[in-house]
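So you can see what is in the structure, the chains are spelled out below.
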Amino acid sequence: GSGDIAGTDGSGNPTGNFSSYFAAYNLSYGRTVTNRLSLGLTGKWINAKIDDTSANAFAADFGSMYRANDKLTLAAVLTNLGSQLKFSSEGDSLPLAFHLGAAYKPESRWKMSVEGVFPETGLASAHLGVEWRPLELISIRTGYRTDTVKELGALAGFTTGLGIHAYGQEFSYAWVPLGDLGSTHYFSLVLHLGQADAARRNLIQFQTIKTHRTVQHEKEGLDPEFQQLIELLNENDTSVAGPVKPINRGNE
């Protein structure tokens, strides 16, 4: 909402105050199709009002995410496919765009991302991001985007922020400068649902590894349960447990 705006007629005479209001209401659904592929859909209702004139539009986003391997994830999204936002007899098309992105995680504490945005206007832009997690509790992030640089200057493309992780949830903050327009501060509370399901999957994976490899490790004189647990922790998060030398039961 804009708050009150002083209105005038064609000659500049005051006509009283008016206000404007813009809102978008989204409903999203996503699910995993296979172990590697996930799909998502968002429905949108855009509502706008200027003085006593209102406009509505409806749109949808379609997204997909593909996990190529443990380190690389790819994504593609089509946004704002829908109707025009029309006031009276004049309308404007929604900003239809195609997004293509990738996230690379070379190891557990680092994550890098890149996104290309290709709008219907043809003025493509790029978004870059890096996250470093020095501790399990904290994530430090920085990024750069090219679509705000042309009008607002080089600094307007820079962003930075951090995340605080506790009890499986996250509180995050981001600073986004906008040149002469000032700065924007984002505060987010990210709730991660399904943690219990993930824990059960990890337990099932551990039991599967244990079943297939216990015989081999018994022949080698190792403690199979300890060794397989360490391997499972290494596969899921190298920050939890580093490479461990096998233990010979005769030296315990």
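To be clear, the structure that these remarks concern was listed above.
In this report, the structure presented in the accompanying data block is examined. What you see is a predicted model, and the numbers here were worked out from it, not measured in a lab. (Residues numbered from 1 in each chain as written. Predicted model: local features only at pLDDT ≥ 70, side-chain atom pairs only at ≥ 80, totals over all residues. Heavy atoms only, no water.)

A full pass over the atoms with the stated rule returns five aromatic pairs. Aromatic side chains Trp-110 and Trp-132 sit 5.7 Å apart centroid to centroid with 20 degrees between the ring planes, which places their arrangement in the stacked category. With Trp-110 in strand S10 (residues 110-119) and Trp-132 in strand S11 (residues 125-135), this pair connects stretches of sequence that are 22 residues apart. Here Trp-110 falls in the partly exposed class, since its relative accessible area comes to 36%. (Phe/Tyr/Trp six-rings, centres within 6.5 Å; stacked < 30°, edge-to-face > 60°. Helix = DSSP H or I, 4+ residues; strand = E, 2+ residues; numbered from the N terminus. Buried < 20%, exposed > 50% of the residue type's maximum accessible area, 1.4 Å probe, protein only.)

The next thing to look at is the nonpolar core. By size, the foremost hydrophobic cluster in this structure holds seven residues: Ile-46, Ala-48, Ala-55, Ala-57, Ala-59, Leu-85 and Leu-94. Top element by residues in this core is strand S5 (residues 53-67). It accounts for three residues. If sequence neighbours within four positions are ignored, Ile-46 has contacts with Ala-23, Ala-24, Ala-55, Asn-56, Ala-57, Ala-59, Leu-85 and Leu-94. (Core = buried A, V, L, I, M, F, W, Y, C linked by side-chain atoms within 4.5 Å. Contact = heavy atoms within 4.5 Å.)

We now examine the pattern of salt bridges. As enumerated under the stated definition, the model contains five salt bridges in all. A salt bridge links Arg-67 to Asp-70, with the shortest nitrogen-to-oxygen separation between them at 3.3 Å. Given the relative accessible area of 40%, Arg-67 is considered partly exposed. Judged by relative accessible area, Asp-70 falls into the exposed class, the value being 65%. Here Arg-145 ties to Asp-147 by a salt bridge, and the two come within 2.8 Å at their closest N and O atoms. (Salt bridge = Lys/Arg side-chain N within 4 Å of Asp/Glu carboxyl O.)

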